[in-house]
Amino acid sequence: MSDNSLNNLPGGFKGMSHDMGSDQTAFKGVQWGKVMMWIFLLSDTFVFSCFLISYMKGRASTVVDWPNTSEVFSLHVGDVPVPLLLIAIMTFVLITSSGTMALAVKYGYEKNRKMCGWLILATAIGGLTFVGMQVFEWSKLIHEGVRPWENPFGAKQFGSFFFMITGFHGTHVSIGVIFLFIYARKVFRGDFDNGKRGFFTTMKSDYVAIEILGLYLHFVDLVWVFIFAFFYLW
Amino acid sequence: MDETQKKEQATTHKIGIYLWIWGLLFVLSFFSYLVDWFAFQGLLRWTLILIFMFLKAGLIMAFFMHLFWERYALVNVLLWPMTAIVGFFVLMAAEAKYTVFTRLLYFFIGG
Amino acid sequence: MSDEYNQKNTPLEAQSSETISGTPSKDIDYVRPAELPEQDLYHGHSFITKWIFCQDAKVIGIQYFLTAVFTGIVGLVLSWLMRLQLGFPELVPFITAEHYYQFVTMHGMIMVVYFLTALFLGGFGNYLIPLMVGARDMVFPYVNMLSFWMFFIAVCVLMASFFVPGGPTGAGWTLYPPQAILPGTPGSNMGIILMLVSLSLFVIGFTMGGLNYIITILQARTRGMTLMRMPLTIWGIFTATALAMLAFPALLVSCIMMTLDKMLETSFFMPAILQAGEVLNYEGGSPVLFQHLFWFFGHPEVYIVALPAFGIVSDLISVHARKNIFGYRMMVWAIVGIGALSFFVWAHHMYVSGMNPWFGFFFATTTLIIAVPTALKVYNWIITLFRANIRMNTVMLFCLGFIVTFVNGGITGIFLGNVAVDIPLSDTYFVIAHFHMVMGIAPLMVIMGAVYHWFPLVAGRMLSEKLGKWHFWITFLGAYSIYFPMHYLGFIGVPRRYYEMYDSPYVASATGMNEFITVAALIVGFAQLIFIYNIVSSLSIGKPAGKNPWKANSLEWLTPEVPPAHGNWGEKLPVIHRWPYDFNVPGAKEDYITQTTPPSEVISAKVEKT
């Protein structure tokens, strides 16, 4: 088995030119589906970057004051307003689901179907909780008069960017949750061990598919880190 | 089948590392939250927000998304375009400054 | 020593040209074994799975090609209507000002996005990529199939905009707010919404397709096929696809934001507006933000059209001049460099937009820099032709036509890249002449040449040379007649996107020119019927092509069956020993050495290490 190892290849930048100059594959030892997901995530990074850059430009060029995000996004615990409480809980939930997903990938490769399946379900529950809290936040703000076209707190663009960016992010999370449920089923049924063909793609799959889904979910978590920093905290 | 299993097992890591990173992410999120709790303002606020944000992003990408262990070819192909986005950001920040300058000039001083 | 995929013994060390001489093996034909097992292809059996929802990249490529050509014909007819109005205003009273702007907009959007991009990436990309890299199909055929149908739906939505109340949008292909969504601009209700929806669907579809092209090229090449042994066609399409992956997001974001501005009255791009005495609900938005986002997409987009053309023309020239492309490595780096730089030049479309004035300095500099690798490529094409064994057939004529028109269009681009010169020329016919030369005529010459070149592979028959030469000369001379005079119209200041000249000083001087251009445009347009007739008739009565009629080196000509069957290579995947440009190698028996020819067969030839 010592032949079939990435350790024999040169590392560092020398390794990079070595790999790129090689025949057959440019990314050694990386399954094509994984590379595909990475390039898709690169493209999606540009989408969210364009959203956030537009938000930055919009916010920086208003002559009307931008709403105070600590106040707008605070939750009342009894009489005390706790700033950004809901957001903090949402961040906690998303990071936790990222953690369970990373563990699920690990157990998947170790072919521990039970642990893998349950961790995937835990991740899905985390994702659903996140989306649920996002919906709650939306309804709370709508109740307080925030609309895409105007809001009582400050510049009109606040509501527009808020609903657009969190809406896009929430959609991405929801799509991830759907795939998580599908993959949990596949894992419990043993489809990745039996080489069962997919319903739509008719392709056989193996546990690398869970790592690929994991990449997508970590990306979604990453986007949240940036949205949290730029939109809620800034 | 045996060898593939060994190969695949060789690429997974001990559970400890995931728990450490998980913990670090919570700590950094807590620090980010404290920035708002202590109501830092101005340059200090923005610098701290950015530092914690990039640290968290870096940890997730390096360890949860496995980039720390990937070969340089993949890492560089992914990271350089992302750094180029910073260039776009800087230009648009300059544009925003110009826009607000023209608005203040024309709305309040008269063009 | 088994050279098939062997799970136990697949060394991951790279095999590049340097390693070949360094291996201890005495076998000069050695190519390292396969890293990966063979692809598990889906074989359709019903008519629907073989021809409609087909997962074979070659069929998908033809589907893209035909759909793109259909949209191109619609765009061509629109251009005739525009030219009729400009050349003979009284002749066509049904073309009102509103209609004219709708034609302008739809012509532009169709040609740039739905015709050229889809044709180069979807049409040529799908057909040629698996064949030229030695794969059996794309890595994810199912998603590839979905990507075509997404494109098809996008085209349907776009065409539907012709039939909705208000008609299609007349905002110009650049769709600038605030006018695009306000009354006064044609199609500002349903038309613009359908356009934005169609573009979003297009982006989603091309993301799916683009992923396939990139991953197949990076991860699914055959044994011995290093990146620097790929034909320049692949390099051009690959770089263009990478640009598409990173530029389309900006288009998607701007379309989404403009849709929200229209449908939900958000103010992303809409400033405070007074419309016919009424204050609208918008406030605080920034129209220049749209322009930045749009051109961040828009400039790489034109290189997405140009780079595949660069790559393809290099291959056509070297095959039909029987000479290796001069400076292959620099051509590759030039393509990659142009691609990377194309992300830093976008605001040269915005010199007169009222953006931050300091940007002019930055973007003019980067625009002039990007001209350097582009010029390098032109020099290399010319040097390739120097003292070559040129076959003056239709393909070569189109290549020469490309070089001439591209140099013309490229030079006028340098004029426009300088801020001071751009200010009087902006929004005049000079700009129209520039981009039609460099994006319309030149890539179109390549497309036509490429069809004459690869038709024998796809259909198994040759196209008629006689009809081809007629087609070329009318198209080339005609296109020059259309666009060269336009430069002068631009110099004297005739504005673009004007429905008519009104009572202006231009009327007297420009009328004759406009009439001449219109007549030329109609002739060139109708001359394309020769091309269509050639294709349709050669399908049945064309000379059978046989295998590799042009005696080319690249892999697509070396399949066991012509046209290539599903799975492309039959039993065994090809093994590569050299680059595709070994033409007229001293000492070789033939004037070409295919990529799969092992070194032992050409031991007496002075083959260079590639």
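Since we're looking at a predicted model, the values are computed, not measured. What you see as residue numbers is a count from 1 along each chain, following the sequence as written. The naming scheme follows written order: chains are lettered A onward, ligands numbered 1 onward. Totals for whole chains, interfaces and linings use all residues, but because this is a predicted model, local features are given only for residues with pLDDT of at least 70 and pairs of side-chain atoms are given and counted only at 80 or more.

Chemist: What is the right way to read the overall build of chain B from this model?
Modeler: Within chain B, the secondary structure is distributed over four helices and zero strands. Overall, chain B shows an N-to-C arrangement of helices and strands of α-α-α-α. What counts as a helix is a DSSP run of H or I of at least four residues, what counts as a strand is a run of E of at least two, and both are numbered from the N terminus.

Chemist: Any chance you could explain the interface of chain C and chain A here in plain terms?
Modeler: Size of an interface, as often reported, equals the accessible area lost when the parts are brought together. Whether two residues are in contact depends on their C-beta atoms, placed from the backbone: they are in contact if these lie within 7 Å. Facing the 46 residues of chain C at the interface are 46 residues of chain A. Of the residues assigned to the side of chain C that touches chain A, the class counts are 26 nonpolar, 13 polar and seven charged. Under this grouping Gly is polar, as are all residues other than the nonpolar Ala, Val, Leu, Ile, Met, Phe, Trp, Tyr, Cys and Pro and the charged Asp, Glu, Lys and Arg.

Chemist: Help me understand the confidence of the model for chain B, please; the structure alone is not making it clear to me.
Modeler: Regions with low pLDDT carry predicted coordinates that are not meant to be interpreted in detail. Residue and element names in this part refer to chain B. Taken residue by residue, chain B gives an average pLDDT of 87. The fraction at 70 or more is 89%. Here helix α1 (residues 2-11) stands out as the element of chain B with the lowest mean pLDDT, 45, in contrast to helix α3 (residues 42-64), whose mean of 94 is the highest. The pLDDT score gives, residue by residue, the confidence of the prediction method on a 0 to 100 scale. Note on residues 1-10: pLDDT under 50 across the span, and eight contacts to partners over four residues away in sequence or across chains.

Chemist: How should I be thinking about the interface of chain C and chain B in this particular structure?
Modeler: In this assembly, nine residues from chain C lie in contact with nine residues from chain B. The biggest single contributor to the side of chain C that touches chain B is helix α8 (residues 287-320) of chain C, with three residues. Along the lines of polarity and charge, the residues of the side of chain C that touches chain B split into five nonpolar, three polar and one charged.

Chemist: When you look at the packing of helix α3 (residues 57-87) of chain C against helix α4 (residues 97-133) of chain C in this model, what are you seeing that I'm missing?
Modeler: Any two packed helices are characterised by the angle at which their axes cross and by the distance between the axes. Residues and elements named next belong to chain C. Orientation is described by lines fitted to C-alpha atoms, with helices fitted over the stretch in contact, and by angles between N-to-C directions that extend from 0 to 180 degrees. Viewed as axis vectors pointing N to C, α3 and α4 meet at an angle of 160°, and their least axial separation amounts to 7 Å. Judged on the interaxial angle alone, α4 and α3 are roughly antiparallel. Of the two elements, α3 crosses α4, and the hand of that crossing is left-handed. Here the contact of α3 with α4 is built from residues that sort into 21 nonpolar, eleven polar and one charged. An angle below 35 degrees is treated as roughly parallel, one above 145 as roughly antiparallel, one from 65 to 115 as roughly perpendicular, and anything else as oblique. Crossing handedness follows the turn of the near helix against the far one: under a right angle anticlockwise gives a left-handed crossing, and clockwise gives a right-handed one.

Chemist: Please clarify how unusual backbone geometry should be interpreted in this entry.
Modeler: For the peptide bond that leads from P177 of chain C to P178 of chain C, omega is -5°, which places it in the cis range. Counting through the fold element by element, P178 of chain C comes out in the loop between α5 (141-160) and α6 (190-219). For the bond from V562 of chain C to P563 of chain C, the omega torsion is -5°, close enough to zero to count as cis. With phi around 65°, Q24 of chain A is a residue other than glycine that occupies positive phi space. Structurally, Q24 of chain A is set in the loop between α1 (12-20) and α2 (32-60). In this structure, N584 of chain C takes a positive phi of about 50° despite not being glycine. Residue position: N584 of chain C is located in the segment after α15 (506-541).

Chemist: Even after reading the chapter, I still don't get the environment of W173 of chain C, so can you show me in this structure?
Modeler: Residue and element names in this part refer to chain C. Of note, W173 is situated in the loop between α5 and α6. Backbone-placed C-beta atoms define the burial measure: a residue is buried with 20 or more other C-beta atoms within 10 Å of its own, exposed with 12 or fewer, and partly exposed in between. For W173, a count of 18 C-beta atoms within 10 Å puts it in the partly exposed group. For W173, the residues in contact, after removing those within four places along its chain, are T105, G108, M109 and V112.

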